[in-house]
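Here's the letter readout for the chains.
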Amino acid sequence: MKAYDYVIVGAGLYGAVFAREAVKKGKKVLVIDKRPNIAGNVYTEQIEGIHVHKYGAHIFHTNNKKVWDYVTSFAEFNRFTNSPVANYKGELYSLPFNMYTFNKMWGVVTPEEAAAKIEEQRQAAGITEPKNLEEQAISLVGTDIYEKLIKGYTQKQWGRPCTELPSFIIRRLPVRLTFDNNYFNALYQGIPVGGYTKMVANMLDGIEVELGVDYLEKKEYYDSLGEKIVYTGPIDAYFAYTLGTLEYRSVRFETEVLDKPNFQGNAAVNYTDAETPWTRIIEHKWFEFGKDENGQDLPKTVISREYSSEWKPGDEPYYPVNDEKNGKLYEEYKKLAEKENDVIFGGRLGEYKYYDMDAVIAAALDMSERELR
C-alpha cells in the first residue's frame, strides 16, 4: 500500500477540483506544485487592498449550470461584466464589436445599416471560403474593423502575421447588431469575492499540499508515494521532450501601483495598433468595482501591462500554439500518455489545449466521475 491514492501535480483549477472530488470519495490525496502558491494561473494576490490577477486577467463565465453551481459552492461571485475597450491610436471603441463600435467606425445607426456595411466590405474583399485568420476576420466584421481593431493586436499576441494564423482562432469573436457591451455570451459570469486564491483555498481545505517542489526533479520519489499520479504540467516535459518541444505563447507582465484612484476607468483596455508594444492594460480594481471588502472606495490603483512573447524553456507557458505542426506533435505525445496506466494527464498543459476556466473544471469533474466510480 502506498501512502496516497493520488498524488496530484499542480494546484491549479484542474488539480484542486480533482483533489476535492477524490477526498469526497474517501481517497487519500497529496497535492504538489512547483510554485510557492496554490491556484495556478488564476492566482490573485492582494496589493493595496486590490486582488491583483498575477498571471493575467481571469473572468469566470459559463453556460454550464453544473459548473456554476460547483464554483459557487466554494465562493460567492460578484456581478462583474466584461466590457473591454479598444484603444487604436487614441480612438476608443467598444469590444465586443457591437452597435457602439459600428456607429463610431462608420456613423451607422441601425442594425440594418451596420449589416449592410459589413456585407459591402466582405464582398469587396472577395472572400468566400476564409483560409486564414485575416480572411475570417474580414468576412465577420469587414476591412475597417479588421485593420484598426484586430490586425495589430492579433499579430502582437501571436507573433505572426494574421495570414499565417488559422481561421478558427477568431471564429468565436463576438459580433453583435445590438448595444450589448457584455463580451461573453454566457448565462453566468463574475469574479469570486475575495479573489480566486481564496476560492481555490476553499477547494483544497483540509487537503495536504506541498508547494515549491518540482515533480519532474523528484519523479521517482513522488511516484513511489501515490497509487496514481494526476499530472497537470506540460505533457512534453513529462516525457523529457523526447519527441520535440511543443510551442506556446508566453506573456510578460509589468505591474505598477499608482497613487491615484483611477488610471483608465475600465478593467481591460486593449491597444490594437501594431506600434504600442503591450497588448493590453488591466486595471485590477475594476474587477471588484473599485471597492474594498467593506464597499469603500480604494484610494490607489494597480495596473498591469501585458506583453506577448514567444515561449522558450524556462518561461511560463500560457497559450498552446494550436497549429497543424504542434497538433501532430501533441498527438504523438498523447499516444505515449495513453501507455502510462497510472497517470492521468489533465488541464491546459497536460492536454495541450486552450481551455477556458469553466471547461477545465468541467473536464476535471468528468474525469473524477469516471475515475472515482
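See the structure above.
Not measured: the values here are computed from a predicted model.

Caption draft 1: Focus on unusual backbone geometry. With omega at 5 degrees, the peptide bond leading from L95 into P96 counts as cis. Mapped onto the elements of the fold, P96 is located in the loop between β7 (91-94) and α3 (99-106). Despite not being glycine, K89 has its phi angle at roughly 50 degrees, a positive value. Tracing the backbone shows K89 in the loop between β6 (85-88) and β7. With a relative accessible area of 56%, K89 lands in the exposed category. In the Ramachandran plot, Y241 falls in the positive-phi region, its phi being about 55 degrees despite a non-glycine side chain. Position of Y241 among the secondary structure elements: in the loop between α9 (235-238) and β11 (248-258).

Caption draft 2: Here's a closer look at the sheet that holds strand β2 (residues 29-33). Reading across from one edge, β9-β2-β1-β10-β16 is the order of the 5 strands in this open sheet, with parallel pairing throughout. Edge strands, defined here as strands with exactly one partner in the open sheet, are β9 (208-211) and β16 (343-345). When the angles between neighbouring strand axes are averaged without regard to direction, this sheet yields 20 degrees. Here 4 bridges tie strand β1 (residues 4-9) to β2, and the two strands are oriented parallel to one another.

Caption draft 3: Structural detail: the sheet that holds strand β15 (residues 319-320). Taken in spatial order, the 7 strands of this open sheet run β7-β6-β12-β13-β14-β11-β15, and their pairing is mixed. Looking at which strands have only one partner, the edges of the open sheet turn out to be β7 and β15. One ladder, built from 3 bridges, connects β6 with strand β12 (residues 268-271); its direction is parallel. Along β12, the bridge assignment pairs V85 with V269.

Caption draft 4: Seen up close, the packing of aromatic side chains. The tally for this structure, following the rule as stated, stands at 27 aromatic pairs. Residues Y319 and Y354 carry aromatic rings whose centres are separated by 5.6 Å and whose planes lie at 45 degrees to one another, so their mutual orientation is tilted. Taken together, the positions of Y319 in strand β15 and Y354 in the loop between α11 (347-350) and α12 (357-371) put the pair 35 residues apart, joining distant regions of the chain. Residue Y354 is classed as partly exposed on the basis of its relative accessible area of 39%.

Caption draft 5: Seen up close, the environment of K89. Sequence separation of K89 and A11 is 78 residues, and the distance between their C-alpha atoms is 40 Å. Sequence-distant contacts of K89, defined by excluding residues within four places in its chain, comprise D273 and E275.

Caption draft 6: Highlighting α3. Along α3, the residues that are buried comprise M99, T101, F102, M105 and W106. The arc enclosing the buried residues of α3, seen along the axis, measures out at 155 degrees, which places them on a common side. Turning to α3, the residues buried within the fold contact β7, α4 (111-125), α5 (133-141) and α6 (143-158).

What counts and what doesn't
Residues numbered from 1 in each chain as written. Predicted model: local features only at pLDDT ≥ 70, side-chain atom pairs only at ≥ 80, totals over all residues. Heavy atoms only, no water. Helix = DSSP H or I, 4+ residues; strand = E, 2+ residues; numbered from the N terminus. Buried < 20%, exposed > 50% of the residue type's maximum accessible area, 1.4 Å probe, protein only. Pairing = 2+ DSSP bridges. Axes fitted to C-alpha atoms, helices over the stretch in contact; angles between N-to-C directions. Phe/Tyr/Trp six-rings, centres within 6.5 Å; stacked < 30°, edge-to-face > 60°. Contact = heavy atoms within 4.5 Å. Arc of directions from axis to C-beta.

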